[in-house]
Number of protein chains: 2
Amino acid sequence: MKLLEDRILKDGQVRAGNILKVDNFLNHQIDAQLLDEIGREFVRLYKDEGITKVLTIEASGIAIAIMVAYHLGVPLVFAKKAKSKNIDGEVYTSQVESFTYKRTYDITVAQKFITPQDKLLIIDDFMASGKAMYGLLDICAKAGAKVAGIGICIEKGFQGGGDALRAKGYRVESLAIIESMSEDGIVFR
Amino acid sequence: MKLLEDRILKDGQVRAGNILKVDNFLNHQIDAQLLDEIGREFVRLYKDEGITKVLTIEASGIAIAIMVAYHLGVPLVFAKKAKSKNIDGEVYTSQVESFTYKRTYDITVAQKFITPQDKLLIIDDFMASGKAMYGLLDICAKAGAKVAGIGICIEKGFQGGGDALRAKGYRVESLAIIESMSEDGIVFR
């Protein structure tokens, strides 16, 4: 998506440790108009898949995912990190390794919100190693729900997570795939 | 907002400890169409205030706030809970007491995203005692930014937080104000 690639080139900042900071337009300060365009782009890609719900993980996936859900006309469900006091009853739980924080944490979704009748589109802002995604896919599997595909704003292609999922047969659509990045520049696939 | 009040009556569940669960349409599973209507309602209330940015706190405020930001045509900034590894440079920090979790935690916003030139609309899903809001207001004060007002989806009026803020001179617009609730029913102001 050229609009997103151009914005990354203009406002993204490369940091040591393979970090791309996009905090001024995507995940701390958020350009709502850009997110609406991003939402429409994911819908263009997935509108014929019979999606019943959008699934994401708190917190930086939520703003993007709600735009996708709105344009698709379906609900959004977001997985909660850590033990939530406000989820009663039955929950699905999985573990996620965070690339950014170098630790493992639990994610949970109330069972009533994902059923075998669901066909899900999983949305997130970044994909690096793909570890966060495996936790969400695990929850979908436990629920018996189908996964239509995965939608990622920015994939760090050089970290292999997206390609590993594609090799497993998942449809992974990333609006910007970074093949390499350094303080000298960013190269898209 | 009748649409929201009706939805609360239909899908909200009262729990012990003054908890109102709206997890099937507002803050775990989210009705994106409803949130768009909520966003439009807040814009109807605040569109003439010269708002430059919408401010909220992760995570359950984000989906609502991005809809408000989109319809207002301004960016959204969300305060992050706990120490964030991805906020470098100067940050504003404050403390928040959580009604739900009965503990205090830090919230942070990068200083570059709130300046004295800003006039903010603060959005959140719930207001109970108002403690979360004081943390956000503290950050606005530290930044020297003006606060046009506060927009809340569901105010638990009987807990007094909204009225205390109104008494201090803040404009607080809540789309549903609950005067009393029990397992027998919910009464709106």
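Residues numbered from 1 in each chain as written. Chains lettered and ligands numbered in written order. Predicted model: local features only at pLDDT ≥ 70, side-chain atom pairs only at ≥ 80, totals over all residues. Heavy atoms only, no water.

(A) Examining the packing of aromatic side chains more closely. In this structure the tally under the stated criterion is 0 aromatic pairs over all chains. The ring of Tyr46(A) has Arg171(A) lying over it, and the distance from NZ or CZ to the ring centre is 4.2 Å. (Phe/Tyr/Trp six-rings, centres within 6.5 Å; stacked < 30°, edge-to-face > 60°. Lys NZ or Arg CZ within 6 Å of the ring centre and 35° of its normal.)

(B) The interface of chain B and chain A, seen in detail. Opposite the 45 residues of chain B that make contact, chain A presents 45 residues. Here chain B and chain A share an interface that buries about 3600 Å² over both sides, 56% of which is from carbon and sulfur atoms. Linking chain B to chain A there are 2 salt bridges. The interface formed by chain B and chain A includes 15 residue pairs in polar contact (both at pLDDT 80 or more). Of all elements in the fold, only strand E1 (13-15), strand E2 (19-21), strand E3 (29-30), helix H2 (32-46), helix H3 (62-72), strand E5 (76-81) and strand E7 (103-110) of chain B reach the threshold of two or more residues within the side of chain B that touches chain A. Per element, the largest residue contribution to the side of chain B that touches chain A is 6 residues, and it comes from H3(B). When its residues are assigned to classes, the side of chain B that touches chain A shows 21 nonpolar, 11 polar and 13 charged. (Contact = heavy atoms within 4.5 Å. Buried area = accessible area lost by both parts, 1.4 Å probe. Salt bridge = Lys/Arg side-chain N within 4 Å of Asp/Glu carboxyl O. Polar contact = N/O pair within 3.5 Å; in protein donor to acceptor, adjacent residues only side chain to side chain. Helix = DSSP H or I, 4+ residues; strand = E, 2+ residues; numbered from the N terminus. Nonpolar A, V, L, I, M, F, W, Y, C, P; charged D, E, K, R; others polar.)

(C) Spotlight on H3(B). Counting buried positions along H3(B) yields 9 of 11 residues, so the element is predominantly enclosed. Buried within H3(B) we find Ile62(B), Ala63(B), Ile64(B), Ala65(B), Ile66(B), Met67(B), Val68(B), Ala69(B) and Leu72(B). (Buried < 20%, exposed > 50% of the residue type's maximum accessible area, 1.4 Å probe, protein only.)

(D) Just unusual backbone geometry, in detail. All names here are of chain A. Across the junction of Glu-58 and Ala-59, the peptide omega takes the value -5°, indicating a cis bond. Relative to the helices and strands, Ala-59 is located in the loop between strand E4 (53-57) and helix H3 (62-72). Of note in the backbone geometry, Asn-18 takes a positive phi value of approximately 60° without being a glycine. Looking at the element boundaries, Asn-18 is found in the loop between strand E1 (13-15) and strand E2 (19-21). Given the relative accessible area of 35%, Asn-18 is considered partly exposed.

(E) Structural context of the environment of Val109(B). If you trace the backbone, Val109(B) turns up in strand E7. C-alpha of Val109(B) to C-alpha of Phe126(B): the two residues are 17 residues apart in sequence and 20 Å apart in space. What Val109(B) contacts, discounting residues up to four positions off in sequence, is His28(A), Val77(B), Ala79(B), Val91(B), Tyr92(B), Ile114(B) and Ile139(B).

(F) The arrangement of the side chain of Asp23(A) in detail. As for its position among the elements, Asp23(A) is in the loop between E2 and strand E3 (29-30). You can call Asp23(A) buried: its relative accessible area is 4%. Within the local environment of Asp23(A), its side chain forms a polar contact with the side chain of Lys112(B), the two groups lying 3.3 Å apart.

(G) Here's a closer look at the packing of H3(A) against H3(B). Between H3(A) and H3(B), the shortest axis-to-axis distance is 9 Å and the interhelical angle comes to 70°. Relative to H3(B), the element H3(A) is oriented roughly perpendicular. H3(B) is crossed by H3(A), and the crossing has right-handed handedness. Contacts from Ile62(A), Ala63(A), Ile66(A), Met67(A) and Tyr70(A) of H3(A) reach H3(B) at Ile62(B), Ala63(B), Ile66(B), Met67(B) and Tyr70(B). Classifying every residue of the contact of H3(A) with H3(B) by side-chain character gives 10 nonpolar, no polar and no charged. (Axes fitted to C-alpha atoms, helices over the stretch in contact; angles between N-to-C directions. Parallel < 35°, antiparallel > 145°, perpendicular 65-115°, else oblique. Left-handed = near helix turned anticlockwise from the far one by under 90°.)

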